[in-house]
Amino acid sequence: MRQNLTPDFKDYELIDTGNFEKLERFGRFITRRPEPQAIWRPTLSEQEWQLRADASFLRDAKSEERGEWKLKPHTPDRWTIAYDYKSMHLKMRLGLTSFKHVGIFPEQAANWMFIYDRVEELAAREPSPRILNLFAYTGGATLAARAAGGEVTHVDSVKQVVTWARENMEQSNLEGVRWIVEDALKFVRREVRRGNRYRGIILDPPAYGRGANGEKWILQENISEMLECCAALLEPRDSFLVLNLYSMGLSSTLARTAVRQAFSTPRTEELGELCFTDHGEKELPLGTYYRFIR
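So, a few notes on the structure that sits alongside this text. (Residues numbered from 1 in each chain as written. Predicted model: local features only at pLDDT ≥ 70, side-chain atom pairs only at ≥ 80, totals over all residues. Heavy atoms only, no water.)

**Considerations on the overall build of the chain**
And then number 1: Scanning the chain from terminus to terminus reveals seven helices and 16 strands.
And then number 2: A globule of 294 residues ought to have a C-alpha radius of gyration of about 19 Å, and the chain, at 19 Å, matches this closely.
And then number 3: Here the chain holds 294 residues, and the buried ones make up 54% of them.
And then number 4: With the model as given, the accessible surface of the chain reaches about 14,000 Å², and the carbon-plus-sulfur share is 47%. (Helix = DSSP H or I, 4+ residues; strand = E, 2+ residues; numbered from the N terminus. Rg over C-alpha atoms; globule rule 2.2 N^0.38 Å. Buried < 20%, exposed > 50% of the residue type's maximum accessible area, 1.4 Å probe, protein only. Areas by Shrake-Rupley, 256 points an atom, 1.4 Å probe, with all protein chains shown as cover.)

The structure is reproduced here in structure tokens:
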């Protein structure tokens, strides 16, 4: 089934988009930061953007990726927001990074709901189903799986990010996650050799990345091997996969084709874009997703 998804997220609001920027509310504070897909004109005036934004990201003239934040008085560089779904109550600490990120991709809450529901179903039949979260960042998907009763392995190559995810776990009153600081592809290769299996696998790979020991990740070059390894790790029945792609130009159809080659055709599948709509009714795509159940 193909559809665009927008999660219900009370602590997040997309206020306006345009001129390759977005104006967003995270809890009590409003941020202004670059958004390459906002190719249209904003609805609000520049004066309104400046008035509303508590924190604005300014690109470094010498770098496409890095920059710094300009904060209004009394605006913190860290604060916490909440996400609730059924009996899941997550607390996520935000931080203003030099790469424009804030520690959360709010559109991913649509996947957190899916993950929570699938793990809850699995846990009703099997105590502590094993879940693997690769390129796991600050752990939203990890915490959703853990809150539903999963035995979760969280893998990310950046030690500081794994520490951040652990803080989110503690703030969410959860425990018991297995933390791995390692290159994701190197980790799954070893898991295949060990013959390990998982009931659910979550993949959120970047376009480019570096492993804990300098390993190079290039999505187009490495995704096929990654999916083949995951196919060997995922249980053949009563299991699920979630794949996200953020690289511009990579569609959900492409994701489905690559996954089907590695895993064969699943029992049920969903694909499309993760989106939010701003107050001017402009729908902003924020990545593609593909997920299946078998």
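**A short note on the packing of helix α2 (residues 109–125) against helix α3 (residues 140–147)**
And then number 1: Where α2 contacts α3, the two axes come as close as 8 Å, and the packing angle between them is 25 degrees. The pairing of α2 with α3 is recorded here as roughly parallel in orientation. By crossing handedness, the relation of α2 to α3 is classed as right-handed. On α3, the residues that touch W112, I115, Y116 and V119 of α2 are G140, A141, A144, A145 and A147. (Axes fitted to C-alpha atoms, helices over the stretch in contact; angles between N-to-C directions. Parallel < 35°, antiparallel > 145°, perpendicular 65-115°, else oblique. Left-handed = near helix turned anticlockwise from the far one by under 90°. Contact = heavy atoms within 4.5 Å.)

**So, the sheet that holds strand β3 (residues 29–34)**
And then number 1: Pairing is mixed across the open sheet formed by five strands, whose spatial order is β1-β2-β3-β4-β5. Whereas interior strands pair on both sides, the edge strands pair on one side only; in this sheet they are β1 (12–18) and β5 (67–71). Strand-to-strand twist of the sheet, defined as the mean angle between neighbouring strand axes without regard to direction, takes the value 20 degrees.
And then number 2: Across six bridges, strand β2 (residues 21–26) lies against β3 in antiparallel orientation. (Pairing = 2+ DSSP bridges.)

**Topic: the pattern of salt bridges**
And then number 1: Under the defined criterion, the tally for this structure stands at 21 salt bridges.
And then number 2: One salt bridge connects E270 with R291, and the closest N-O pair in it is separated by 2.8 Å. Of this pair, E270 sits in strand β15 (residues 268–277) while R291 sits in strand β16 (residues 283–293), and the two are 21 residues apart along the sequence. R291 carries the same exposure label as E270, and that label is buried. (Salt bridge = Lys/Arg side-chain N within 4 Å of Asp/Glu carboxyl O.)

**Considerations on the packing of aromatic side chains**
And then number 1: Applying the stated criterion to the full structure yields 15 aromatic pairs.
And then number 2: One aromatic cluster is present, built from ring pairs that chain together F9, Y12, F26, Y83, W112 and F276.
And then number 3: Taking NZ or CZ as reference, R118 lies 5.0 Å from the ring centre of F114, over its face.
And then number 4: The ring of Y198 is capped by R130, whose NZ or CZ atom sits 4.6 Å from the centre of that ring. (Phe/Tyr/Trp six-rings, centres within 6.5 Å; stacked < 30°, edge-to-face > 60°. Lys NZ or Arg CZ within 6 Å of the ring centre and 35° of its normal.)

**Considering helix α7 (residues 252–263)**
Structurally, the α-helix is built with 3.6 residues per turn, so residues lying three or four positions apart point the same way.
And then number 1: With 12 residues, α7 extends 16 Å between its outermost C-alpha atoms, agreeing within 8% with the 16 Å of an ideal straight helix rising 1.5 Å per residue.
And then number 2: Restricting attention to buried positions, one finds in α7 the residues S252, A255, V259 and F263. Within α7, the buried residues cover an arc of 55 degrees as seen down the axis, which keeps them to one side. α7 presents T257 and Q261 as exposed residues on the side facing more than 90 degrees away from its buried surface. (Expected span 1.5 Å × (residues − 1). Arc of directions from axis to C-beta.)

By themselves, these figures tell us nothing about what the structure is for.
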